[in-house]
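Structural overview
Given next are the chains, with one letter for each unit.
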Amino acid sequence: MGLENLMSVFEQQLGRKDLPAATQTLQQLLKVNPNDPQVQIATADLYKIEGKSDRAEAIYRDVLKSCSQTKLLAQARKGLQEIEDADLKEHKDGIAQAIAAVGGQNLGFLSIHPVPSDRKQEAATKLAKIFRIDPYTAKTQIPSRNLKVLRIGRLGEMQFYGQKLIEAGIPALWTSLSAISSINVHTVAYFEPAPDKSGIYAVCNPEPGKDSTAHPIKFNWSDVSQRVYGLLPTYGEVVTVDAKHQLARKEEILDLVRICDLHLPAQNCILRFHDNCYQFAEGIQFEVKRSFEHIAPTVEERWQSLSAWLSTSMPQVEGKDDFNDFAEMFLAYPDFLKEIDPKIDLFRVKESLWDNCFQIYSGTIFKCNL
């Protein structure tokens, strides 16, 4: 049986989805003339129906490069278009199913970890395919040093893309605002030892709308999974003299508030304190290294002593302190940030999204165990 007759038989078998028979006919075609563009397209057509779209796509593209026959070029383009249409439908269906599984109103974000420079090109190629963007744009999305936010939106969609990235070998993480908000955050006034030396008490300020008295939370140093540090800028108006010697008002950073979170995953809570609210005169007293012995210690000096005590008490817990890079990245999404309660007991003349950034930063570390 000649090439044309075998091709006709193959097309009939493929048309009625008789894949075993089509496979046998294709094997005969490959024996007759394996390099013929018609046979190559027939091979790709069979791969496409079998769900081996990557192999089919590669053959179609080879035909487009090497063949000049108009009819065969049209068949190759048609095959590629069918693969793309099927892939797009599968992509949309997968996102819809993921959103339905976790709830459509649950907002979240997707991030990826830094990728070594020698793997960046490979990662960019895979990321471009997953997100359907051009390779150059994909390469700009791959971080080299710090965690980077790729997408913000419904959690199901973030989860869908995150799983695709992980399958492609790109380290990704995702979480939702509701998951972060579910963590109990307590503002620590001071620490004191348990009377029987069985642990530490964090004496916490009253929670708004719940009680009116301070309450202690007992924990052991081994309960702490993370120490998270940050600097929160406080803003205010200042009066300056401009180039024309006229008074002008402008907003400037007045101070940087030092803040720290201790994560207690077993209790699903964060112990949070900062140098504007911590009562250094109460509870455990620390030896403070002072710049001038005849002058009372500054807040910064007291804070440094508190931090040193924490480091000594739990040397096994590494402190996280790359908050500023994280915040500068997230400040590009103000509407998203406004959706979360920062849970920071800090007096401000007006609200600051830096507080919301810290809540997401610490909550992400808590939930994703960074």
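Just so it is clear, the structure is predicted and the values come from calculations on it, not from any experiment. (Residues numbered from 1 in each chain as written. Predicted model: local features only at pLDDT ≥ 70, side-chain atom pairs only at ≥ 80, totals over all residues. Heavy atoms only, no water.)

1. Regarding the overall build of the protein chain
The helix and strand inventory of the protein chain stands at 13 helices and ten strands. Structurally, the protein chain occupies a C-alpha span of about 105 × 65 × 40 Å along its principal axes. Restricting the contact set of the protein chain to residue pairs at least 6 apart, pairs at least 24 apart contribute 61%. Of the accessible surface of the protein chain, which amounts to about 20600 Å², a share of 50% is contributed by carbon and sulfur atoms. Across the protein chain, the 42 positively charged side chains and the 48 negatively charged ones have centroids separated by 5 Å. (Helix = DSSP H or I, 4+ residues; strand = E, 2+ residues; numbered from the N terminus. Contact = heavy atoms within 4.5 Å. Areas by Shrake-Rupley, 256 points an atom, 1.4 Å probe, with all protein chains shown as cover. Lys, Arg positive; Asp, Glu negative; His and termini not counted. Charge placed at Lys NZ, Arg CZ, Asp CG, Glu CD.)

2. Let's talk about helix α10 (residues 299-313)
Taking 1.5 Å as the rise per residue, α10 with 15 residues should run 21 Å; its terminal C-alpha atoms sit 21 Å apart, in good agreement. Within α10, burial applies to Glu301, Trp303, Ser305, Leu306, Ser307, Trp309 and Leu310. (Expected span 1.5 Å × (residues − 1). Buried < 20%, exposed > 50% of the residue type's maximum accessible area, 1.4 Å probe, protein only.)

3. A few points about the packing of aromatic side chains
For the structure on display, the rule yields 22 aromatic pairs. With 5.7 Å between their ring centres and 55° between their planes, Phe191 and Trp309 make a pair best called tilted. Remark: Trp309 occurs in helix α10 and Phe191 occurs in strand β4 (residues 184-193); sequence separation between them is 118 residues. Note on accessibility: Phe191 and Trp309 belong to one class, buried. An angle of 65° between the planes, with centres 6.1 Å apart, marks the rings of Phe330 and Tyr333 as edge-to-face. Take Phe330: its relative accessible area is 0%, and that puts it in the buried class. According to the relative accessible area criterion, Tyr333 is partly exposed, its value standing at 29%. Three or more aromatic residues joined by ring pairs make a cluster, and in this case those are Phe109, Phe323, Phe326, Phe330, Tyr333, Phe336, Trp354, Phe358 and Tyr361. (Phe/Tyr/Trp six-rings, centres within 6.5 Å; stacked < 30°, edge-to-face > 60°.)

4. Focus on the pairing of β4
β4 sits mainly inside the fold: seven of its ten residues count as buried. Note: β4 against strand β9 (residues 269-274), four bridges, orientation parallel. Opposite Val185, over in β9, you have Ile270 as the bridge partner. In this structure, β4 lies alongside strand β5 (residues 200-204), joined through five bridges in antiparallel fashion. Residue pairing across strands places Phe191 opposite Ala202, the latter belonging to β5. The loop that links β4 with its antiparallel partner β5 comprises six residues; one of these, Lys197, has a positive phi angle of about 60°. (Pairing = 2+ DSSP bridges.)

5. Some points on the packing of helix α2 (residues 19-32) against helix α3 (residues 37-49)
Packing of α2 against α3 leaves a shortest axis separation of 10 Å and a crossing angle of 155°. With respect to their mutual orientation, α2 and α3 come out roughly antiparallel. The interaxial crossing formed by α2 with α3 has left-handed handedness. Touching Leu19, Ala22, Thr23, Leu26, Leu29 and Leu30 of α2 are Val39, Ala42, Thr43, Leu46 and Ile49, all from α3. (Axes fitted to C-alpha atoms, helices over the stretch in contact; angles between N-to-C directions. Parallel < 35°, antiparallel > 145°, perpendicular 65-115°, else oblique. Left-handed = near helix turned anticlockwise from the far one by under 90°.)

6. Structural notes on the environment of Met7
Within the secondary structure, Met7 sits in helix α1 (residues 3-15). Taking the C-alpha atoms as reference points, Met7 and Gln163, 156 residues apart in sequence, are found 41 Å from one another. Sequence-distant contacts of Met7, that is, excluding residues within four places in its chain, are made with Leu29, Gln38 and Ala42.

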